[in-house]
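Summary of structural features
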Amino acid sequence: EAQVTQNPRYLITVTGKKLTVTCSQNMNHEYMSWYRQDPGLGLRQIYYSMNVEVTDKGDVPEGYKVSRKEKRNFPLILESPSPNQTSLYFCASSFLGQGTEAFFGQGTRLTVV
Amino acid sequence: QQPVQSPQAVILREGEDAVINCSSSKALYSVHWYRQKHGEAPVFLMILLKGGEQKGHEKISASFNEKKQQSSLYLTASQLSYSGTYFCGTVGNQFYFGTGTSLTVIP
C-alpha cells in the first residue's frame, strides 16, 4: 500500500531534550516536506527536499533540522525543543512536477512542556 | 507568500452550495485542493494545471484563473461528509498551502 509513515503519532517532551520525528515513504517520491499546523495559520512549510542530499528552508525553519540521506526517509530533528514548537506536524511526499498530488503522513502531535 | 483563502469559515445546511476562494501573490503553475477532517491528514481532492487541465476524482469542481493568480473550489449540493477544512496548495517555485477554510455542513 502506498503510504507516508510518521512516528511517533503523539509525543510529550520537555524543553531542551532533543527529539526526532521520522518520516518514510514507499512511493519513490523525489519531493518530501515537513509542515506544522497551528490554529488559524494553516499548514506552514518548515523544510523541503527535492532529492537525496538536497534540502532547503521553508517559511518557518528556525529551531528545526532535516536530513535526506536516503530517498525514502526525511526525519525532522528538534535539537532543543521549546514550548512554541508545540504543534501538529505533517510530513508529505510527491513526485516532482506540477501535476502530482501530495501524500501526507498521519501527523505527529508534539507537546513541549 | 502563503496563499490567502476566503471565507475563513462557513456553515451550510445539507444540499446548499459553497464557494471557497484561494488567492496568491506569486505566479502560479498549478493549484491543488485538499480536505482535512479534524485530527487527520489532508487528503487530495484535485489539481488544476495552467492551460485548463483539471485532474481530480471527486464530485467537486474548481476553476483556476492564471492571470489573477486565483482559484475557486465549488461544492454543490453539499453533504454531511463535506465537512472539514479545505486547503489550497499553490505551486510556483515552492509548494505553499493556503490559510484554510473551515466548512461545516449541518442537517
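Refer to the structure above for everything that follows.
Residues numbered from 1 in each chain as written. Chains lettered and ligands numbered in written order. Predicted model: local features only at pLDDT ≥ 70, side-chain atom pairs only at ≥ 80, totals over all residues. Heavy atoms only, no water.

Before going further, it helps to examine the overall build of chain A. Counting its secondary structure elements, chain A contains zero helices and 11 strands. What you see in chain A, going N to C, is helices and strands ordered as β-β-β-β-β-β-β-β-β-β-β. Here the C-alpha atoms of chain A give a radius of gyration of 13 Å, agreeing with the 13 Å that 2.2 N^0.38 yields for 113 residues. Referenced to the eigenvectors of the C-alpha coordinate spread, the extents of chain A come out at roughly 40 × 30 × 25 Å. Contacts spanning at least 24 positions in sequence make up 53% of the contacts within chain A whose residues lie at least 6 apart. Accessible surface for chain A amounts to roughly 5400 Å². Of this, 52% is attributable to carbon and sulfur atoms. Taking the average place of the 12 positive charges on the side chains of chain A and the average place of its 10 negative ones, the gap between the two points comes to 7 Å. (Helix = DSSP H or I, 4+ residues; strand = E, 2+ residues; numbered from the N terminus. Rg over C-alpha atoms; globule rule 2.2 N^0.38 Å. Contact = heavy atoms within 4.5 Å. Areas by Shrake-Rupley, 256 points an atom, 1.4 Å probe, with all protein chains shown as cover. Lys, Arg positive; Asp, Glu negative; His and termini not counted. Charge placed at Lys NZ, Arg CZ, Asp CG, Glu CD.)

What follows covers the sheet that holds strand β8 (residues 70-75) of chain B. Residue and element names in this part refer to chain B. Read across the open sheet, the four strands follow the order β1-β3-β8-β7; overall the sheet is antiparallel. What marks the edges here is a single partner per strand, and that holds for β1 (4-6) and β7 (61-65). Between one strand axis and the next, the sheet turns by 15 degrees as a mean value, whatever way the strands run. Across six bridges, the pairing between strand β3 (residues 18-23) and β8 is antiparallel. Residue pairing for β8: S23 is matched across the bridge by Q70. (Pairing = 2+ DSSP bridges. Axes fitted to C-alpha atoms, helices over the stretch in contact; angles between N-to-C directions.)

Now for the pairing of β8 of chain B. Judged from the five bridges that link them, β7 of chain B and β8 of chain B form a sheet pairing that is antiparallel. Within the sheet, the bridge partner assigned to F64 of chain B lies in β8 of chain B and is S71 of chain B.

One can find H32 of chain B in strand β4 (residues 30-36). One polar contact links H32 of chain B to Y34 of chain B, side chain to side chain, over a distance of 3.1 Å. (Polar contact = N/O pair within 3.5 Å; in protein donor to acceptor, adjacent residues only side chain to side chain.)

On the chain A side, the residues contacting the 24 residues of chain B number 22 residues. Taken over both partners, the interface formed by chain B and chain A buries close to 1800 Å², and the fraction arising from carbon and sulfur atoms is 51%. Here chain B and chain A share zero salt bridges between them. Remark: the boundary between chain B and chain A carries three residue pairs in polar contact (both at pLDDT 80 or more). Every element with two or more residues in the side of chain B that touches chain A is listed here: β4, β5 (43-49), β9 (84-91) and β10 (95-97) of chain B. Residue composition of the side of chain B that touches chain A, by class: 12 nonpolar, 10 polar and two charged. (Buried area = accessible area lost by both parts, 1.4 Å probe. Salt bridge = Lys/Arg side-chain N within 4 Å of Asp/Glu carboxyl O. Nonpolar A, V, L, I, M, F, W, Y, C, P; charged D, E, K, R; others polar.)

So, about the pairing of β7 of chain B. Across the two faces of β7 of chain B the burial differs, with A62 and F64 of chain B buried and S61, S63 and N65 of chain B not buried at all. Hairpin connection, β7 of chain B to β8 of chain B: the antiparallel pair is bridged by four residues, and Q69 of chain B has positive phi, about 55 degrees. (Buried < 20%, exposed > 50% of the residue type's maximum accessible area, 1.4 Å probe, protein only.)

Remember, this is a structural readout, not a statement about activity or role.
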